[in-house]
Amino acid sequence: MKLDNTTKVMGKIFLQFMLTFLLIYLAITFFNTIVPLFFIGFSEFDFNEFKISATLYLAVLVYSMLVGFAAKSTSVYYDMFTIFSITRKRIMRTINITNVILTISGSAILNLMLLMHDIPQRGLFLIMITLSIYLILNFLNFIAFLGKLFGWYYIVGTFVLLASFILLTVNYIGGFIQMGLYKAEIITFFAIAAGAFLFINNFILSKRYEYKH
Amino acid sequence: MNPIKLKLKDITYYYDNFRALSNMSFDLKEHQIMGLIGRNGSGKTTLLKVIAHQLLQDKGEVLIDNKNYSANENNQNKICLARETLGKTFEQTEVMKVKVLFDLAASLYKNWDKTYANHLIKRFKLNVNKKYNKISKGMKTTVGIIMGLASRAEITLFDEPYVGLDPVSREIFYAELQKDYTENPRTLIISSHLINELEGMFERVLIIDEGEIIIDSPIDALKDKYYLLQGRKDTIESYGTHFKIMNREIIGSLASYSVEGSLSEETMRRMKADDIDISMISLQKLLYHLTNGGENNEIR
């Protein structure tokens with residue numbers, strides 16, 4: 001696939017963004033797993049413990065990185081491209097391509113790290129993680145658009161609603177996933193929700209947003 | 001004859017309930033320089049931002065090469081809007097150095113001329129290692145000018161490209177603009193208040209007021225339509241059937257009339273014989289008369 005200039009620029013920005021997060025990840029992992037060994041002795045090094053910590057930090061960092069980038073892509077980067085008179089269709093195409101690449105790479109990193117652990121139903125995890133990342137990215141694009149269009153208090157309001165929803169349902173959904181129940185329904189929900197946000201972002205919000213500054 | 005590069009059809013734009021642009025239609029040929037003239041709040045910046053696709057019109061369409069610009073996602077960015085600021089996004093970014101900004105522009109504009117950009121940076125003595133939000137207002141205008149010139153975008157829009165600039169930098173800009181336009185012709189729109197400084201560059205002029213077009217005409221055609229007549233009041237008034245008076249300034253028995261109308265060779269010859277001095281009205285005066293509500297200045 002031949003990438004246009006806008007997608008190439010977006011790719012370059014993401015690489016810089018990722019590099020920053022990678023450095024943070026390495027620093028956190030080093031300080032939390034290696035530095036204590038200087039005090040308690042290197043003989044105490046437990047590879048399994050290191051593996052768990054490194055995987056956990058990576059998972060948190062990958063999600064944070066994706067969250068940060070998705071929020072910035074429809075706020076800061078969208079404005080930046082608009083200033084250079086790039087059409088909204090092209091900007092949205094770039095953001096959509098980036099979201100797909102981020103989803104695949106984010107999911108690949110997390111699932112590869114999970115290979116170090118003994119997890120039942122890997123296939124299910126792979127699909128769930130992939131869809132959840134894609135949903136999160138599109139949801140954050142949506143949130144950033146909302147904030148830009150109507151004011152940042154809409155972001156707070158939406159997050160409060162989301163937090164309430166998660167608090168109400170996390171035990172059930174988490175339990176269902178653990179027990180392997182309602183797999184098809186949960187996957188369908190993730191897919192439909194991601195599709196809905198994708199549609200709203202591309203065909204409603206991006207067509208209303210202007211750069212008035 | 002050059003083909004039409006940019007066409008605006010019935011563009012209307014609202015800021016909430018305020019109508020900033022009202023059914024604006026005009027077209028601009030390829031490789032033409034248009035002067036966009038109007039008073040503060042007349043809609044110049046809004047119009048340029050609509051053309052640059054930063055604002056979305058409520059009605060009408062912007063056609064480039066006879067195609068709807070926004071509908072085609074494969075459009076490479078053919079437009080560059082050079083302003084005195086790049087807006088909040090860059091003003092608030094603490095980390096964006098000017099050279100990073102130029103690198104970004106170089107990646108996004110396919111015709112970006114890096115050598116020429118470096119030449120302009122040296123001519124304007126711009127420190128590209130400074131952060132964009134820390135440079136002066138004049139320097140921000142310079143950044144816009146360099147982007148506009150070096151982008152070599154097919155349609156380049158300059159919105160008051162002198163804000164905060166010292167006279168030397170202004171002269172550098174005019175000289176570079178003329179030189180670059182001669183070597184790399186393209187379609188240019190320059191919005192300006194400093195009409196006298198730029199008047200000589202315009203091939204076409206668009207005068208707008210309160211979001212509406214008052215005049216859309218080649219600059220040569222204006223010379224044959226608007227005149228400044230100076231002489232004795234009674235003598236000028238005796239030719240009143242040949243023109244429409246836009247403005248009159250009377251000092252005693254002497255008068256200066258700004259008029260609209262097509263004067264024939266014969267009429268002009270007779271007027272000159274009657275000691276009436278005929279000259280062209282400057283664009284600045286024309287703007288003043290057309291947007292001043294027809295007020296006359298009479299000192300008796």
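Residues numbered from 1 in each chain as written. Chains lettered and ligands numbered in written order. Predicted model: local features only at pLDDT ≥ 70, side-chain atom pairs only at ≥ 80, totals over all residues.

Participant: Explain the overall build of chain A to me, and be specific about the residues and the numbers.
Facilitator: Each helix and strand in chain A was counted, giving six helices and zero strands. If one aligns the C-alpha atoms of chain A with their principal axes, the spans along those axes are about 60 × 40 × 40 Å. A total of 213 residues make up chain A; the buried ones form 26% of that total. The contacts in chain A between residues at least 6 apart in sequence include a share of 78% that link residues at least 24 apart. (Helix = DSSP H or I, 4+ residues; strand = E, 2+ residues; numbered from the N terminus. Buried ≥ 20, exposed ≤ 12 C-beta atoms within 10 Å, placed from the backbone. Contact = placed C-beta atoms within 7 Å.)

Participant: Kindly report on the overall build of chain B, identifying the contributing residues and their values.
Facilitator: Per the secondary structure count, chain B includes 11 helices and 15 strands. Expressed along its principal axes, the backbone C-alpha trace of chain B runs to roughly 65 × 40 × 40 Å. Counting the 300 residues in chain B, one finds 39% classified as buried. Look at the contacts in chain B between residues 6 or more apart in sequence, and 73% of them connect residues 24 or more apart.

Participant: Summarise the confidence of the model for chain A; cite the residues concerned and give the values.
Facilitator: For chain A, mean pLDDT is 86; residues scoring 70 or higher make up 99% of the total. Element-level pLDDT for chain A is lowest in helix H5 (residues 153-179) of chain A, with a mean of 82, against a maximum mean of 91 in helix H6 (residues 183-205) of chain A. (pLDDT = per-residue confidence, 0-100.)

Participant: Outline the pairing of strand E10 (residues 212-218) of chain B, listing residues and values.
Facilitator: Residues and elements named next belong to chain B. With six bridges connecting them, strand E9 (residues 204-209) and E10 associate as antiparallel partners. Across the sheet, Arg-204 pairs through a bridge with Pro-218, a residue of E10. Hairpin geometry of E9 and E10 is characterised by an intervening segment of two residues between the two adjacent antiparallel strands and by a positive phi of about 50° at Glu-210. (Pairing = 2+ DSSP bridges.)

Participant: Can you tell me about the sheet that holds strand E2 (residues 18-29) of chain B, naming the residues and giving the values?
Facilitator: Residues and elements named next belong to chain B. Strand order in this open sheet of four strands is E2-E1-E4-E5, and the pairing throughout is antiparallel. Bordering the open sheet on either side are E2 and strand E5 (67-68), each of which pairs with just one other strand. Pairing of strand E1 (residues 4-15) with E2 involves eight bridges; the strand directions are antiparallel. Looking at E2, one finds that Leu-8 is bridged to Phe-26. Each of E1, E2 and strand E4 (59-64) is contacted by helix H1 (residues 44-51), which is oriented at about 60° to E2, the strand it contacts most. (Axes fitted to C-alpha atoms, helices over the stretch in contact; angles between N-to-C directions.)

Participant: So, the environment of A:Ile200: which residues are in play, and what are the values?
Facilitator: Residues and elements named next belong to chain A. By the secondary structure assignment, Ile-200 is in helix H6. For Ile-200, a count of 16 C-beta atoms within 10 Å puts it in the partly exposed group. For the pair Ile-200 and Asn-141, spaced 59 residues apart in the sequence, the C-alpha separation amounts to 10.0 Å.

Participant: Summarise the environment of A:Arg90; cite the residues concerned and give the values.
Facilitator: In this fold, A:Arg90 is placed in helix H3 (residues 88-114). Counting along the chain gives 34 residues from A:Arg90 to A:Leu56, while the straight-line C-alpha distance between them is 36 Å.

Participant: If you had to explain the sheet that holds strand E8 (residues 187-192) of chain B to someone new, which residues and values would you point to?
Facilitator: Residue and element names in this part refer to chain B. Read from one edge to the other, the open sheet built from six strands follows the order E6-E7-E8-E3-E9-E10, with strand pairing classed as mixed. Both outer strands of the open sheet, strand E6 (79-82) and E10, are each paired with one neighbouring strand and no more. Each strand axis lies, on average, 15° off the axis of its neighbour in the sheet, ignoring direction. Summarising the sheet, strand E3 (residues 33-38) and E8 pair through five bridges and their orientation is parallel. Across the sheet, Met-34 pairs through a bridge with Ile-189, a residue of E8.

Participant: Describe in detail H3(A), supporting the description with residues and values.
Facilitator: Residue and element names in this part refer to chain A. Here H3 spans 38 Å end to end across 27 residues, near enough to the 39 Å set by a 1.5 Å rise per residue. Taken together, the buried positions of H3 are Arg-88, Arg-90, Ile-91, Met-92, Thr-94, Ile-95, Thr-98, Asn-99, Leu-102, Thr-103, Gly-106 and Ser-107. Taken together, the buried residues of H3 touch helix H1 (5-40), helix H2 (47-83), helix H4 (122-150) and H6. (Expected span 1.5 Å × (residues − 1).)

Participant: Got a sec to walk through the pairing of E3(B)? Specific residues and values, please.
Facilitator: Residue and element names in this part refer to chain B. Of all six residues in E3, six are buried, a share of seventy percent or more. Side-chain alternation along E3 places Ile-33, Gly-35 and Ile-37 on one buried face and Met-34, Leu-36 and Gly-38 on a second face that is also buried. Examined bridge by bridge, E3 and E9 share five bridges and lie parallel to one another. The partner of Gly-35 across the bridge, within E9, is Val-205.

Participant: So what about H1(A)? Which residues, and what values?
Facilitator: Look at H1(A): 52 Å from first C-alpha to last across 36 residues, which is about the 52 Å you get at 1.5 Å a residue. Where H1(A) bends most, at A:Phe31, the angle is about 40°. Within the span of H1(A), buried status applies to A:Thr6, A:Val9 and A:Met10. Against H2 and H3 of chain A together with helix H3 (98-108) of chain B lie the buried residues of H1(A). One or two positions beyond H1(A), positive phi appears at A:Gly41, with a value near 100°. (Bend = angle between axes of the 7 residues up to and from the residue.)

Participant: Break down the nonpolar core for me, citing the residues and quoting the values.
Facilitator: One broad trend across soluble globular proteins is that nonpolar side chains are buried collectively. Ranked by size, the top nonpolar core spans 90 residues in total, and within it B:Met34, B:Ile51 and B:Leu157 carry the most contacts. It is helix H5 (residues 137-151) of chain B that contributes the most residues to this core, seven residues altogether. Leaving out residues up to four positions away in the same chain, B:Ile51 has contacts with B:Leu6, B:Val62, B:Ile79 and B:Leu157. Listed in part, the 23 residues of the second largest apolar core include A:Phe69, A:Ala70, A:Leu137 and A:Phe197. (Core = buried A, V, L, I, M, F, W, Y, C linked by C-beta atoms within 7 Å.)

Participant: Kindly report on the interface of chain B and chain A, identifying the contributing residues and their values.
Facilitator: With 22 residues of chain B at the interface, the matching set in chain A holds 21 residues. Of all the elements in the fold, those that place two or more residues in the side of chain B that touches chain A are E6, helix H2 (88-91) and H3 of chain B. Sort the elements by how many residues they give to the side of chain B that touches chain A and H3(B) lands first, with four residues. When grouped by side-chain class, the residues that make up the side of chain B that touches chain A number 11 nonpolar, eight polar and three charged. (Nonpolar A, V, L, I, M, F, W, Y, C, P; charged D, E, K, R; others polar.)

Participant: Provide a residue-level description of unusual backbone geometry, including the pertinent values.
Facilitator: All names here are of chain B. One non-glycine residue, Asn-66, lies in the positive phi region at around 65°. For Asn-66, the location among the structural elements is in the loop between E4 and E5. In this model, Lys-125 sits at a positive phi of 55°, which is unusual for a non-glycine residue. When you line up the elements, Lys-125 lands in the loop between helix H4 (114-123) and H5. Under the C-beta neighbour-count criterion, Lys-125 is labelled exposed, with 11 such atoms within 10 Å.

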